[in-house]
Amino acid sequence: MNGGRFLLPVVLSATFVQLLNVTIGQIAAPAIQSGLGAGPGAVQLVLSGYTLAYACLLITATRLGDRYGYRRLFVLGTAVFTVGSLTCAAAPGAGWLVAARLVQGAGSGLVAPQVLSLIRTGVSPERRPRALALYGATMGVASLAGPLVGGLLLGADLFGLGWRAVFLVTVPVAVVSLAGAVLLPRTRGADGQRVDWAGAALTTIGFGALVLPCALGREAGWPWWTWASFAVAAATLACFVLTLRHRPAPLVHPSVLRDGTARRGVLLVFVFNAGVPSFTYLLFLHLQSALGYPVLSAALVSAPFAAAAVLGSHAAPALSRRLGPTMLTAAALVLAGMALALARLIGTGPGRLVALPVLAAGGAAFGLFTAAVFALVLAGVRGAAAGSVSGLLPTAQQLGGSLGVTTAGLAYFAPADGANAAFGHAMAYEAAVFVLTALVALPLRRTSSGPVRSRPRPPSKTHG
């Protein structure tokens, strides 16, 4: 386990900047559009290109890490991400920026599954639940910090950089992660691992065909190609699942389909993330476009949610040991209540003051959920399925977020009698998603009982 002392700071710093980049661009979108003279479609590609490349590579990158080593893929992905970030900041036009965001996303897609694999193989069993809790907390706080950090940077306009600062801010952290990677253990999966290139092609095409219309469909008016893309996604991903057992080295181990905790855990992460990124996105959108808040003021309104999320994530390990998966159900129901309350409060000045403690309660529940869900799911996954779940959970997170932003946007922009009614529609969607999350979490009580413990795993091969 040498390298374990430094493993968490290195991999969690990389995780933070990757997830920060999912949301930080949302707050900068108007500045990017005016600064580059780009159209709405180009700006939407800037936002979605990162998630598109990120989601498409996650499952393939899991097997590449098994084959070539987790540290090697971590270094490669972090280097690609850093180059992409620098290129984003220097982009002379919208086309260049879209291409750079694809590079950024590809780097993050290579890194994300290596983080879970390094924690699983490089952290001692007694420390692993705490490490997984910190991993979940880092993801949650990073996704919330994106709009806040972006708002502060745009408001400060450091050195006259404008929107370019939101892409430069992640570079120093990525460079530190890259330098610290020499301290990571050289581990990988069992000998003889092969890469299922047919499966890699199917998942890349399938996820790309799913994310692209989610990102661009509403702005484009849902033309025929968006529905054709959904059909291609369904057919391709169905082909991937149905042929798993017939391929000699499948990209996802077939035992995932038989493991109840793995199936429910992936579904749980997908459903939950269909609510959270879309909630923060629509809250900022409503505050700025409908209520006329400056970007910095809109960022500060969300501060109670982000601050309470940090506190919630800190309390999550102790509460998850005491309550187990029941805590996930309770946290999801608190988030549903927050959404319903905000629908009534956000429309008036006095109501917006009352909304601040409501946001804090929701933020605490968000921190509890995100810090505990990965540890609770992985604690109940058995045998060979655990390695595949390392790629499936981040994939479910990204796909759920993409679908959620699209669906919540449809609810918000549906015909309504005024902006407050539109926000009410969106919050009704959020509440429904969080109630569904609570229901999906209930069966985990039967498969993951008692304190979170890591199951013994065969030792990974160590090189060098």
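Owing to the predicted nature of the structure, the values given are computational and were not obtained by experimental measurement. (Residues numbered from 1 in each chain as written. Predicted model: local features only at pLDDT ≥ 70, side-chain atom pairs only at ≥ 80, totals over all residues. Heavy atoms only, no water.)

In this section: the nonpolar core. Core analysis: the biggest nonpolar cluster contains 133 residues, and Phe74, Leu97, Ile119, Leu328 and Leu342 have the highest contact counts within it. Beyond its immediate sequence surroundings of up to four residues, Leu328 is in contact with Leu268, Phe369, Ala372, Val373, Leu376, Ala441 and Leu444. (Core = buried A, V, L, I, M, F, W, Y, C linked by side-chain atoms within 4.5 Å. Buried < 20%, exposed > 50% of the residue type's maximum accessible area, 1.4 Å probe, protein only. Contact = heavy atoms within 4.5 Å.)

Okay, the packing of helix 11 (residues 260–273) against helix 18 (residues 419–441) next. Contact geometry for helix 11 and helix 18: axes closest at 9 Å, N-to-C directions at 165°. One finds that helix 11 runs roughly antiparallel with respect to helix 18. Seen from above, helix 11 lies across helix 18 with left-handed handedness. On helix 18, the residues that touch Arg264, Leu267, Leu268, Val271 and Phe272 of helix 11 are Val433, Phe434, Leu436, Thr437, Val440 and Ala441. (Axes fitted to C-alpha atoms, helices over the stretch in contact; angles between N-to-C directions. Helix = DSSP H or I, 4+ residues; strand = E, 2+ residues; numbered from the N terminus. Parallel < 35°, antiparallel > 145°, perpendicular 65-115°, else oblique. Left-handed = near helix turned anticlockwise from the far one by under 90°.)

This part is about the packing of aromatic side chains. Overall, the coordinates contain 12 aromatic pairs when judged by the stated rule. Seen in terms of ring centroids, Tyr135 and Phe374 are 5.4 Å apart; in terms of plane orientation they differ by 80°. Their pairing is edge-to-face. Here Tyr135 is found in helix 5 (residues 128–156), whereas its partner Phe374 is found in helix 16 (residues 349–380), with 239 residues between them in sequence. With respect to class, Tyr135 is no different from Phe374; both count as buried. (Phe/Tyr/Trp six-rings, centres within 6.5 Å; stacked < 30°, edge-to-face > 60°.)

Here we take up the pattern of salt bridges. Taken as a whole and assessed by the stated rule, the structure comprises 1 salt bridge. Of the charged contacts, one joins Arg63 and Asp66 as a salt bridge, the two residues approaching to 3.6 Å between their closest N and O atoms. Remark: Asp66 and Arg63 occur in helix 2 (residues 40–68); sequence separation between them is 3 residues, near one turn of the helix. Here Asp66 falls in the buried class, since its relative accessible area comes to 10%. (Salt bridge = Lys/Arg side-chain N within 4 Å of Asp/Glu carboxyl O.)

Before going further, it helps to spend a moment on the side chain of Glu430. Its place among the elements puts Glu430 in helix 18. Glu430 has contacts with Gly275, Ser278, Phe279, Leu282, Ala339 and Ala408, leaving out every residue within four places of it along the chain.

Let's shift gears to a nonpolar patch on the surface. A contiguous nonpolar surface patch, about 480 Å² in accessible area, is contributed by Leu86, Leu158, Phe159, Leu161 and Leu168. The residue Leu86 is located in helix 3 (residues 70–89) in this model. (Patch = residues over 30% accessible without salt bridge, like charges linked within 9 Å, V, L, I, M, F, W, Y side chains within 5 Å. Areas by Shrake-Rupley, 256 points an atom, 1.4 Å probe, with all protein chains shown as cover.)

Here we take up unusual backbone geometry. A positive phi angle, close to 55°, is found at Phe159, a residue other than glycine. Along the chain, the position of Phe159 falls in the loop between helix 5 and helix 6 (165–168). Look at Trp222: it is not a glycine, yet its phi comes out positive at around 55°. Here Trp222 is to be found in the loop between helix 8 (197–220) and helix 9 (224–242). Trp222 gets classed as partly exposed once you look at its relative accessible area, which sits at 21%.

Within the secondary structure layout, Leu118 lies in helix 4 (residues 94–122). Once the C-alpha coordinates of Leu118 and Ala441 are considered, the two residues, 323 residues apart in sequence, prove to be 26 Å apart.

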